[in-house]
Amino acid sequence: MNDLSQRLAALSPEQRRVLGQEMRRRAARTGPAAAAETPGAPARQSLYFFASADTVSPQEYYRFVLDAAVQADAAGLNAVWLPERHFVDFGGHSPNPAVLAAAVAVRTENLQIRAGSVAAPLHHPARIAEDWSVVDNLSGGRSGISFASGWHPDDFVLARTDYADRRADTLRIIEQVRAHWRGEAVSHPTTAGAPPRSAPGPGPYGRTSRSGSPRRATGRPSPPPAGPVTA
C-alpha cells in the first residue's frame, strides 16, 4: 500500500488523465451492458481500503484514499468501502469510517459510500444515526452501512454493554438506528439523572422533517422509510 500510494502521488497530471481513461475503459467492459452480453460477468466494481497502519503514515493513507476515490468516481466504479478497526495495525488508520466517508462525500459526485462495517456494540445508536445522516446529506443520498457485532475483546473498552451480548445488542441497535432515521421517538437512558429522552438527531438525505419520509441511498423514496441503505 505504501508503494502504491507513492506511485499515485508521483503521477503527473497527464499520467493521471491516462489512468482515469483506462479505469473508465475497464469499468465499461465490466459494467451492466457488458454483463448482459457476458453471463456471469461482474456488473459492479468497488474499492475496499484495509491498509496496515505500520506501512504508511496516516497523512499518506488518507490522501491515497481520497485520490483513489476521486479516480474511482471519474471511472464510474460503484462504491468505496471503509472499515472500522481499533487498537491494531491492520486497518488501524480507520477507527471511524463516518469521518473518512464525510471527506470522500465532498470529493465525489456519483460514487456510493459504504461502511464495511460499523461495529454496532461500540457505539450509541443515536450517534450512528447522526453521523451517517451527516454523511448521507453531504453525499446527496449516496451513503450506506453494514453492521458488525465485533469480535476483538480489546475493542469492547468502547462498548456500553457486555461482550457476551454483542450479537443481540447489534440487532437491537440496528432497529434503533432505523427508527431514528424514520424520525420516530426513541428513548435512551441518561447519566444526568433525568428520565430517558428521545434523541432523533438529523435525518438522512431527503427526509423533509423528523416525521417525514427519508430516502434510500439512491435518492428514491423508500417504502417503508429507512434512511441510508443498511445491510
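Residues numbered from 1 in each chain as written. Predicted model: local features only at pLDDT ≥ 70, side-chain atom pairs only at ≥ 80, totals over all residues. Heavy atoms only, no water.

### Regarding the nonpolar core
Looking at soluble globular proteins, one finds that nonpolar side chains tend to be buried together.
Moving on, step 1. Counting 35 residues, the largest nonpolar core has Phe-49, Ile-128, Trp-132, Ile-145 and Phe-147 as its most contacted members.
Moving on, step 2. For this core, the secondary-structure elements that each account for two or more residues are helix H4 (58–75), strand E2 (79–82), helix H5 (97–107), strand E3 (112–119), helix H6 (125–138), strand E4 (143–148) and helix H7 (166–181).
Moving on, step 3. A per-element tally of this core places H4 first, with eight residues. (Core = buried A, V, L, I, M, F, W, Y, C linked by side-chain atoms within 4.5 Å. Buried < 20%, exposed > 50% of the residue type's maximum accessible area, 1.4 Å probe, protein only. Helix = DSSP H or I, 4+ residues; strand = E, 2+ residues; numbered from the N terminus.)

### Description of the side chain of Arg-114
Moving on, step 1. The residue Arg-114 is located in strand E3 in this model.
Moving on, step 2. Although Arg-114 is buried, it forms no salt bridge, and the closest oppositely charged side chain is Asp-136 at an N-O distance of 7.1 Å.
Moving on, step 3. In terms of polar contacts, Arg-114 uses its side chain to reach the backbone carbonyl oxygen of Arg-142, at 3.2 Å. (Lys, Arg positive; Asp, Glu negative; His and termini not counted. Salt bridge = Lys/Arg side-chain N within 4 Å of Asp/Glu carboxyl O. Polar contact = N/O pair within 3.5 Å; in protein donor to acceptor, adjacent residues only side chain to side chain.)

### Some points on the pairing of E2
Within a regular strand, side chains alternate between the sheet's two faces.
Moving on, step 1. Here strand E1 (residues 46–48) pairs with E2 via three bridges, running parallel. Bridge pairing links Tyr-48 to Trp-81 in E2. (Pairing = 2+ DSSP bridges.)

### A short note on H4
Moving on, step 1. In this model, H4 (18 residues) spans 26 Å end to end at C-alpha, consistent with the 26 Å of a helix rising 1.5 Å per residue.
Moving on, step 2. Among the residues of H4, those classed as buried are Tyr-61, Phe-64, Val-65, Leu-66, Asp-67, Ala-68, Ala-69, Gln-71, Ala-72, Asp-73 and Ala-75. (Expected span 1.5 Å × (residues − 1).)

### Looking at the packing of aromatic side chains
Moving on, step 1. Summed over the entire model, instances satisfying the criterion amount to four aromatic pairs.
Moving on, step 2. With a centroid separation of 5.7 Å and 65° between ring planes, the pair formed by Tyr-61 and Tyr-62 is classed as edge-to-face.
Moving on, step 3. Since its relative accessible area comes to 33%, Tyr-62 is described here as partly exposed.
Moving on, step 4. Ring centres 4.8 Å apart and planes at 85° place the aromatic pair Phe-156 and Tyr-163 in the edge-to-face group.
Moving on, step 5. Positioned above the aromatic ring of Tyr-163 is the side chain of Arg-166, whose terminal nitrogen or guanidinium carbon lies 4.0 Å from the ring centre. (Phe/Tyr/Trp six-rings, centres within 6.5 Å; stacked < 30°, edge-to-face > 60°. Lys NZ or Arg CZ within 6 Å of the ring centre and 35° of its normal.)

### Quick notes on the confidence of the model for the protein
Moving on, step 1. With 74% of its residues at a pLDDT of 70 or more, the protein has an overall mean of 79.
Moving on, step 2. Confidence, read as mean pLDDT per element, is least for helix H3 (residues 32–37) in the protein (46) and greatest for H5 (96).
Moving on, step 3. Below pLDDT 50 for its whole length, residues 31–41 participates in eight contacts with residues either more than four positions away or in separate chains.
Moving on, step 4. Long-range and interchain partners of residues 211–226, a stretch whose pLDDT sits below 50, account for 42 contacts in this model, where long-range means more than four residues apart. (pLDDT = per-residue confidence, 0-100. Contact = heavy atoms within 4.5 Å.)

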